[in-house]
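Overview (structure and organization)
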Amino acid sequence: EPLRTEGAGPEDIRRPARVMQRVHESKLALCAALETIADALPDGVCRAECLRIASLLVPLLLQAHTYEDDVIFPAFVAMAPDAEPTVHRLRVEHVEDESFADEVTEILLGIGHGEPIANAEALGFMLRGLFETLRRHIAFEREHVLPAILAS
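Presented here is a report on the structure given in the accompanying data block. All values reported here derive from a predicted model rather than from experimental measurement.

**Focus: the nonpolar core**
In terms of nonpolar packing, the biggest core is built from 26 residues, with Leu-34, Leu-57, Val-104, Leu-108 and Leu-127 touching the most fellow members. Going through the elements one at a time, α2 (16–40), α3 (47–79), α4 (84–112) and α5 (120–151) are the ones with two or more residues in this core. No other element matches α3, which puts 8 residues into this core. In contact with Leu-34, other than residues within four places in its own chain, are Ile-53, Leu-57, Val-104, Leu-108, Leu-127, Leu-130 and Phe-131. Listed in part, the 18 residues of the second largest apolar core include Ala-83, Val-87, Leu-146 and Ile-149.

Set out below in structure tokens:
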């Protein structure tokens, strides 16, 4: 299910932490789906699931990152002015994650449309690299950004 940040209710505008928690849940669900694909390699991969994840991955990340850049990070810096270097690093990670997700999406689309898996080991490594990176990013935000936002 795509993340919805547009049309957030008044409580979400006052409490960006709620939206951030939903963002994390959506990203973690995608990570779990990517892990399932990686675990099913090479012969048990569901092509329809590859297409589903390929259709969700980049749009969800772009929407989540835009919300974080526009709402979450300014609120974080307002609560912790010395966090500007941290926010810069998180924004750089967003760009890297989006680029990585583009590559994964292209491969998943190919598999979903019937292309053979050329190198299952490399693909598994790639998928794990993406979902582990996303999970680390989320863990950092939960430990450092979210508590500051909740205090606001």
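**So, α5**
Helix length check: α5 (32 residues) gives 45 Å between terminal C-alpha atoms against 46 Å at 1.5 Å per residue, within 8%. Taken as a whole, α5 carries its principal kink of about 40° at Arg-142. Between the side-chain oxygen of the N-cap and the backbone nitrogen of Glu-121 there are 3.2 Å, and the N-cap of α5 in question is Asn-119.

**Details of the pattern of salt bridges**
In this structure the tally under the stated criterion is 6 salt bridges. Across the salt bridge formed by Glu-68 and Lys-27, the nearest N and O atoms sit 3.8 Å from each other. With Glu-68 in helix α3 and Lys-27 in helix α2, this pair connects stretches of sequence that are 41 residues apart. Summarising the burial analysis for this pair, Glu-68 and Lys-27 share the class buried. Close ionic contact of Asp-39 with Arg-128 constitutes a salt bridge, the shortest N to O distance being 2.6 Å. Separated by 89 residues along the polypeptide, Asp-39 in helix α2 and Arg-128 in helix α5 bring together distant segments of the chain. Classification of Asp-39 by relative accessible area gives exposed; the value is 52%. Residue classification places Arg-128 among the partly exposed positions, given a relative accessible area of 27%.

**Some words on the packing of aromatic side chains**
All chains considered together, the criterion is met by 0 aromatic pairs. Sitting over the face of the ring of Phe-140, Arg-89 holds its NZ or CZ atom 4.7 Å from the ring centroid.

**Side note on unusual backbone geometry**
Going from Leu-41 to Pro-42, the amide bond is cis rather than trans, its omega being 0°. Here Pro-42 shows up in the loop between α2 and α3.

**Regarding a negative patch on the surface**
Taken together, Asp-102, Glu-103, Glu-106 and Glu-115 make up a surface patch of like negative charges. Among the secondary structure elements, Glu-115 is positioned in the loop between α4 and α5.

Conventions used here
Residues numbered from 1 in each chain as written. Predicted model: local features only at pLDDT ≥ 70, side-chain atom pairs only at ≥ 80, totals over all residues. Heavy atoms only, no water. Core = buried A, V, L, I, M, F, W, Y, C linked by side-chain atoms within 4.5 Å. Buried < 20%, exposed > 50% of the residue type's maximum accessible area, 1.4 Å probe, protein only. Helix = DSSP H or I, 4+ residues; strand = E, 2+ residues; numbered from the N terminus. Contact = heavy atoms within 4.5 Å. Expected span 1.5 Å × (residues − 1). Bend = angle between axes of the 7 residues up to and from the residue. Polar contact = N/O pair within 3.5 Å; in protein donor to acceptor, adjacent residues only side chain to side chain. Salt bridge = Lys/Arg side-chain N within 4 Å of Asp/Glu carboxyl O. Phe/Tyr/Trp six-rings, centres within 6.5 Å; stacked < 30°, edge-to-face > 60°. Lys NZ or Arg CZ within 6 Å of the ring centre and 35° of its normal. Patch = residues over 30% accessible without salt bridge, like charges linked within 9 Å, V, L, I, M, F, W, Y side chains within 5 Å. Areas by Shrake-Rupley, 256 points an atom, 1.4 Å probe, with all protein chains shown as cover. Lys, Arg positive; Asp, Glu negative; His and termini not counted. Charge placed at Lys NZ, Arg CZ, Asp CG, Glu CD.

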